[in-house]
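Here is what each chain is made of, one letter per residue.
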Amino acid sequence: MPMGRLSLRWLALVAAAAAAPDGAAILGLLTAAHARTWSAAPLLETSTRQATTWVFGENRWDDVSEWEDVEGLAVSVKTTKNFVLLSYHVGLEASYDADGELFMWEKFDPLTGGTVTQRRVGAGSFVESGRVQVRFVVDGVPLREGSGHVSATLTSKGRSKLEHVEGTAVLRPGNSTRDIRVQWKPSGKLLWSSSPSTGDGFMSGRVLAATAHDSIVAASPLIPAAITQKDWNVVAQSSLNVTLNETTAVRFGYALTISAAAPGPQRLASPLTADDYVQARLVVDGTASDESVATLGTKERAASIAGVLAQDVVLDLPQGVHQVQLEWRRAGNSPRLWRNDPNCLDGFGSSRLLYASLSDYGVFATKHAQVLAGMQYKRKTAKSITDIRAKSKREWATVESDTFLVEQDAQVLLQYALPVALHKLADWDAWTFSQLQAVQARLLVDGVVYREDASSVGGFQASGLHDDLRGALALPLLAGTHSCTLQWKSVGDETWYLASKHLGGTGKGVIDVVVDFRQTATLDVKQSSFSVKEDTSLLLKGISVQGVSFVDNYDVSLTVHASYGDVLLGNAHNFTGPTKKANELLKQLKYHPCAECWGSDEVELLLVTEEGKAFNATLMIEIEPVDDVPELDAPELLEVESRVSLRGISVHDVDSENEAYKMTLFALGGVFEGCEANATATSVLELTLSLDEMNACLQESYYRPLEGFAQAFVDNITLTLEDPGPAAHRLTEQIQVHAAITQSGPRIELPPYYELGLEGFIVEGDDANTTVSLTTDALDALLRLDSLEQGVQIDQTEHGLVLRGAAKAISTTLQSLTYVREPSFEGSDTITAVIRTSNASRTAKVAIDVRGGDETELNLVGMTPRHGFGGTRVLVSVLHADEFLQCQFGDKGAAKALKVDNETYECLAPAGKPGYASVRVHNRRFWSDPIQFLYEAPVKVLKVTPPVGAFKSPLLLQVDSVMPSPELTCHFGDEIVRATRLDSTTVACTAPDLNGTVQVAVSTNGVDHGPSSSFEFVEVPSSLTLEPASGGLASQLIRVTTDVQLRRLPHFCRFGLHATPAAVVDEYTLACEAPRDTEDAEVRVSVDGGASYGEAFAMYRRVDSAIAWIAPSLGSFGTLVTVGGRGFGASTKCRFGDVDVEAAVVSAEELVCSAPIGNGIVAIGLLVDGVAVASRHTFSYVEPTLLGSLDPATGPTTGGTLVTIHGLRLADDASCKFGNASVPARWVSAEQIECTAPPHTKGAVDVTVAGEVLRFHYAAPLVPRAAYPSSGPAGGGTVVSIEGSGFAFSPRLKCRFGWTEVPATFVSEAEVRCAAPPGDAGPTALAVSGNGQDFVDVPAGFAYEAAPVVHGVAPPLGFAGTLVTLTGAGLGGVSACLFGDASTPATVVSDTEVRCAAPAGAGSLAVGASVNGVDAYASAARFRYVARPEVLSLEPVSAGVEGGATVVVRGLRFPDSSLLACRFGATTAAARWVNATELECEAPPADASGPV
């Protein structure tokens, strides 16, 4: 008997994904282009641990933690959806080796800011801790969102711990392929492993899953949050507002990594003091969701712990704005501080995410089974717990099993959550069990067990643990009913329980089922022909979208269009959304013929599926004509003074061609002046004319009241219209005629004087509280009372008087009322009297016309426009006007006129009711005669069709009502164009040359207009590209690429004269169906819904040729490809991609072509009479060998040069061909082979490898003869000149000294030079190469000499020819002495001494030695040049043989030097310098007398 009940949540995710092929691994990556589900769930074991590196110089080990991929957790995602929800579940086992040595330390914990004490006390008894972080990586970029970590503290008695970590992130894929991987990074001393094979194979699965969605709202804050309170609190910045347009199911979820550490470097002393529970939940619209509760509880003694709280819930919510909040709380008496810090560690390990996914794929929270309440956990006694709790067993047991229906073959993602608890305390040292205590969970689908979804939790230190077992499984399922079973199993002796409801959860397991369906939508039309009567709407029945089971989940795009009439999906021409809504709109698809139209019309329907497939259908509508009732438009009221025009009357009838209509106009109080010249005025006017003639005549006809009509004149004009059609319609209208309200009043002829008595004012009634206000229009007029009755109060105002009192007393007072004006005044004025009593109020006016003298009167000679509405700016032409001119419309108050020029003024029409009003002007003295102004309601534009368009696009404006008018115009912002009235609610005009969005309004007077509607100007394509640009005779879907951005509205393509709806593929591309035809056609596009087509076009060519098959479908350059099909002729060519090649036509059904140079996969097509014919077949190029370079590219004619050939895709059996000579190649890699050049004559030769060619130059072999110098110092630097023949300039010229190669410099064909590198003393081989590869030895080679060292020079001074002795070491090989830059031959005395004669020189020069006569070895010794001395005389010139006589030597240029000496024969005696011309020497003894 199951111990609990499962809550099964159903989520349908609709897409066009193909099912996994037979034999494919479960949870393998879905590769369908339109899939919405991707997953990876490897079964291989993987592990990670922190590396340790020895730090030299510091004598210590350093820990190294690096991010690395979790093996097998990687998917590639591509979708057109807006969001992808990523999630991973990784089951982990933490363990360590028990070997150790005695040491202890404290180290900083970057997560908590505290320290963690770790110590070993010898092998087999120590404490170790560690953590592992996990994160997402997208396209090589790590995400902070979705990162998490867990930690563990282990001992030698608690050697392992089972954990799990999970994360969730929201990704915007951007319609690009995204590579998603999961990485982990360990720290600490533990080994972390994930192995689905652990235990019985159901303990440690790992899964990466991704699902695509249209709408996700998410919050992933980066600020830290901490919880210390035991009441529920909102996690910082973790709330969302979700707006729903309709009742929708919403999936809410969260993932929150939490960690805690006790203050200071300590372990908690007792499990009873370490009691900790942390919970999270979702609160939606103020109501907490029990299903969303996740709990992490423990009695662990370790100071630092971490884990993940995660859960989701599906709720049905009504339309409106909803708020969801993430709350958390803690319980227990542990001193730990729990927190979530997204910035801890390296920023990747402690994220928090709250998300809401709207049901774009049809999520609904159906509970398939009534879930039991779960256990009511009570802490009083263990017995009370045992009675009602759900227990685990040591064998697999079912928590609950249920079924779900998959209506089509689909990929299914199942995710489960099972809250578990272990209540018993540990039995070893009060906090560790003596054996592993764990609980496992797994899913079975249709009774089949899967390892990859398994999860487990537990360990040796699992006291008081509360956690959620979570896992995921994705697999393809066939259509039908399937079962899912959630099982659990305990490991160890202790019993695990379903978590109790007392912690706030449901105490039950939950499974989410996400189904990714394959849909095949098509457009089903059961009836394609309809008939309807003129001006009658028609419901188009029998049209639906079929092939979709989950109509709530699968999106389609529908476009409808009628050639002449209108057809709407609801209130629009297109729709994109769920199939269910699309079918609801199709059931209401209604066709409306154009007004007064009959004949044939076509309705085009276009369906575009999620996969991009297009289906279209054409409906034929036959409209039967109906004899319509004509439209008779007439004003309700005419105001007339002398006569009034009948231009407001007009007749319209769509049935009219040239038939004669009869109209009769009849009036009692007036006569009609017809349009005919010299026509007699009569009270009955009969017109029998065609409509155009009748309307033209009415424009020129007038009504004139009979003589003597007064202000109270009222008449009726009766109009009768007879239709000549079969129905003989007869219409009658009535027009009221009123006398125009004028200000002429009683005309009083007076001479020009100052005062006028007005005794006629009488206030009727006897009300004691009467107020009479008298005002004048003229500014310079004055009202005066000559007497005042008792009880009457009087107040003087700026323009009149106010009297208060009894009615009779006011009447008596008014008998003395006098009107006063200046003597110069002539013209009209008005006195307005307002009488107010206790219960009534009325107004009376008296017009005064003062005439006299010979002043010129005002003359209103013209007005434009003569019709409009309140606010219309009217221009009046007035003779004899002045600056005081005012305008008056009907009985409205006069307003000042604005002067435009000498005789033109601008007046603003005040608000008025529809009908005629008299317009007059006055200047405070004179009133003009009136001109009639027709008030009409402003025309309101309700809709512009199409709503977008371009220059010259024909537009239809739907208006509320419009009267015929010759000044009818459309206003596009400030741009005005002529308009045509089609009927009382439709106006047609043409779009002007503008840009952007403008407001379109209608004016009946060409001046002002009524309310407008917006219209957007779009660019018209200037060039079109078709893909394909040709096709067969049958219909074919093509893409039309434009050079302007397209709007999301009905577009059309026109093939010749055939128009067809177009679907917008992207912002520059349309998809159109080329109709079945045999002729080529110009293709144009419409950007205004088919109202007009641009001038740009592209030719669509048609040929009756097609490709059925090709063989082979892969190869390389030169491969012969046989093409089978039909319609092949002598002009047929093959097309490989965009390369055309000649074809050998075998028959009308077969031809052969040679593959041109190419690479990759190219489309195979035909070119027939210049028309391209596309096909679905492709040719794959097997990439050929490519050669890059030869190294070296030159060599001697004798051959033997080892040539390295660099390239790509070099075969391991390749050979080289030098000219016509082939040699084997040694394969080094696919990018490098080596060949030995054979002998060849001088000159360039082709080197061929796998058909690719490079050039190799054979040159005459080098013949070096000698090198000079032939020796040099061991330190190198000697510039050696090699003489010979065959040298040529090359950057690869080299010399080789022993085995050291150095660059050589070309001097001539007979000489090159190079600098000797350092070498060991002694002879060495010297060789030269012209290509850096082939070296030729130089005869005699080169010798490195040990460097001679000069210690001293004697004498240190002298002159040219002075014999100088150099002493030092290694002088046995010296060939020359160097005095500065001068060289002189040296005589070697010994290895420590050489002698040489000083060359000519001057000053103090460094003295050195040279072995080869070129390279100098400098020393510190110097030789100073002095002038050669000259002896002139001696005194005395003789002395005794015994010596000792002082001899004075006189001469020239004696230097001051301690080395001065006199030589007497062969005997030298020291000399004392006296001055430059005198020395003293002591004569030495002599063996015999005589001269010396």
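Residues numbered from 1 in each chain as written. Predicted model: local features only at pLDDT ≥ 70, side-chain atom pairs only at ≥ 80, totals over all residues. Heavy atoms only, no water.

*Asks:* Please give an account of the overall build of the chain that cites residues and values.
*Replies:* A count of helices and strands for the chain gives four helices and 131 strands. The proportion of buried residues among the 1492 residues of the chain is 50%. Intrachain contacts of the chain at a sequence separation of at least 6 include 68% that bridge at least 24 residues. Summed over all atoms, the accessible surface of the chain reaches about 66200 Å², with 51% contributed by carbon and sulfur. (Helix = DSSP H or I, 4+ residues; strand = E, 2+ residues; numbered from the N terminus. Buried < 20%, exposed > 50% of the residue type's maximum accessible area, 1.4 Å probe, protein only. Contact = heavy atoms within 4.5 Å. Areas by Shrake-Rupley, 256 points an atom, 1.4 Å probe, with all protein chains shown as cover.)

*Asks:* Any details on the environment of Cys 1235? Residues and values, ideally.
*Replies:* Tracing the chain through its elements places Cys 1235 in strand β103 (residues 1232–1236). When the C-alpha atoms of Cys 1235 and Pro 1224 are compared, they prove to be 6.5 Å apart, with eleven residues separating the residues in sequence. Leave out the neighbours within four places in its chain, and Cys 1235 touches Thr 1201, Leu 1202, Val 1203, Ile 1205, Cys 1216, Phe 1218, Val 1223, Pro 1224 and Ala 1225.

*Asks:* Got a sec to walk through the pattern of salt bridges? Specific residues and values, please.
*Replies:* A complete count under the given rule lists 26 salt bridges for this structure. The salt bridge involving Arg 1226 is made with Glu 1234; its shortest N-O contact spans 2.8 Å. For Arg 1226, a relative accessible area of 48% gives the class partly exposed. Overlapping salt bridges bring together Arg 643, Glu 673 and Arg 704 as one network. (Salt bridge = Lys/Arg side-chain N within 4 Å of Asp/Glu carboxyl O.)

*Asks:* Explain the environment of Ala 280 to me, using residue names and the numbers behind them.
*Replies:* Tracing the backbone shows Ala 280 in strand β20 (residues 276–284). With a relative accessible area of 0%, Ala 280 lands in the buried category. Separated by 30 residues in the primary sequence, Ala 280 and Ala 310 place their C-alpha atoms 8.0 Å from one another. Setting aside chain neighbours within four positions, we find Ala 280 in contact with Trp 232, Tyr 254, Leu 256, Ser 292, Val 293, Ala 294, Leu 309, Leu 326, Glu 327 and Trp 328.

*Asks:* Got a sec to walk through the pairing of strand β50 (residues 661–667)? Specific residues and values, please.
*Replies:* In terms of burial, β50 is a largely internal element, five of the seven residues being buried. Where β50 lies against strand β52 (residues 684–689), six bridges are found, and the strand directions are antiparallel. Looking at the pairing, Phe 666 lines up with Val 684 of β52. (Pairing = 2+ DSSP bridges.)

*Asks:* Any chance you could break down the nonpolar core for me, citing the residues and the numbers?
*Replies:* Ranked by internal contacts, the top residues of the largest apolar core, which has 34 residues, are Leu 86, Leu 92, Phe 136, Val 165, Ile 180, Val 182 and Trp 192. Considering each element in turn, this core owes the most residues, six residues, to strand β7 (residues 83–95). Once residues lying within four places of it in the same chain are set aside, the contact partners of Ile 180 are Leu 73, Ala 74, Val 75, Val 77, Leu 86, Phe 136, Val 137, Val 138, Leu 171 and Leu 208. Core analysis: the next-biggest nonpolar cluster, separate from the first, contains 30 residues, Leu 240, Val 313, Trp 328 and Ala 356 among them. (Core = buried A, V, L, I, M, F, W, Y, C linked by side-chain atoms within 4.5 Å.)

*Asks:* Before we move on, could you go through the sheet that holds strand β114 (residues 1326–1329) and cite the residues and values that matter?
*Replies:* Strand order in this open sheet of four strands is β110-β109-β114-β115, and the pairing throughout is antiparallel. Because the sheet does not close on itself, it has two edges, and the strands there are β110 (1300–1303) and β115 (1335–1337). Strand-to-strand twist in this sheet, taken as the mean axis angle between neighbours without regard to direction, amounts to 30°. Of the pairings in the sheet, the one linking β114 to β115 comprises three bridges and is antiparallel in character. Bridging across to β115, Ala 1327 finds its partner in Asp 1337. (Axes fitted to C-alpha atoms, helices over the stretch in contact; angles between N-to-C directions.)

*Asks:* Quick one: what's the story with the state of the cysteines, residue by residue and with numbers?
*Replies:* Here is the idea: a disulfide is a covalent bond, and it sits between the sulfur atoms of two cysteines. Applying the stated criterion across every chain yields a total of nine disulfides. Residue pairing for Cys 1134: its cysteine sulfur links by disulfide to Cys 1153, the two sulfurs lying 1.7 Å apart. Looking down the S-S bond of the Cys 1134 and Cys 1153 bridge, the torsion is 65°, so its handedness is right-handed. Linking Cys 1134 in strand β92 (residues 1133–1136) with Cys 1153 in strand β94 (residues 1150–1154), this pair joins segments that are 19 residues apart in sequence. Accessibility assignment for this pair places Cys 1134 and Cys 1153 in one class, buried. Between Cys 1462 and Cys 1481 runs a disulfide, and the two sulfur atoms are separated by 1.7 Å. Of this pair, Cys 1462 sits in strand β129 (residues 1461–1464) while Cys 1481 is found in strand β131 (residues 1478–1482), placing the two residues 19 residues apart along the sequence. The two residues Cys 1462 and Cys 1481 agree in class, both being buried. (Disulfide = S-S within 2.5 Å.)

*Asks:* I'd like a description of the packing of aromatic side chains, backed by residues and values.
*Replies:* Where two aromatic rings form a pair, the distance of their centres and the angle of their planes describe that pair. Applying the stated criterion across every chain yields a total of 18 aromatic pairs. On the numbers, 5.9 Å between centres and 85° between planes, the contact of Phe 1055 with Tyr 1100 is edge-to-face. In this pair, Phe 1055 sits in strand β84 (residues 1051–1055) while Tyr 1100 sits in strand β88 (residues 1098–1102), placing the two residues 45 residues apart along the sequence. Grouping residues by exposure puts Phe 1055 and Tyr 1100 together as buried. Between Phe 1423 and Tyr 1425, the ring centres sit 5.0 Å apart and the planes meet at 85°, which makes this aromatic pair edge-to-face. Overall, Phe 1423 belongs to the buried group, its relative accessible area being 0%. Accessibility expressed as a relative area gives 9% for Tyr 1425, which makes it buried. We note Arg 135 situated over the ring of Phe 348; from NZ or CZ to the ring centre the distance is 4.7 Å. A cation over a ring is seen here: Arg 1296 above Phe 1335, with NZ or CZ 4.3 Å from the ring centre. (Phe/Tyr/Trp six-rings, centres within 6.5 Å; stacked < 30°, edge-to-face > 60°. Lys NZ or Arg CZ within 6 Å of the ring centre and 35° of its normal.)

Bear in mind that shape data such as this cannot, by itself, settle questions of function.
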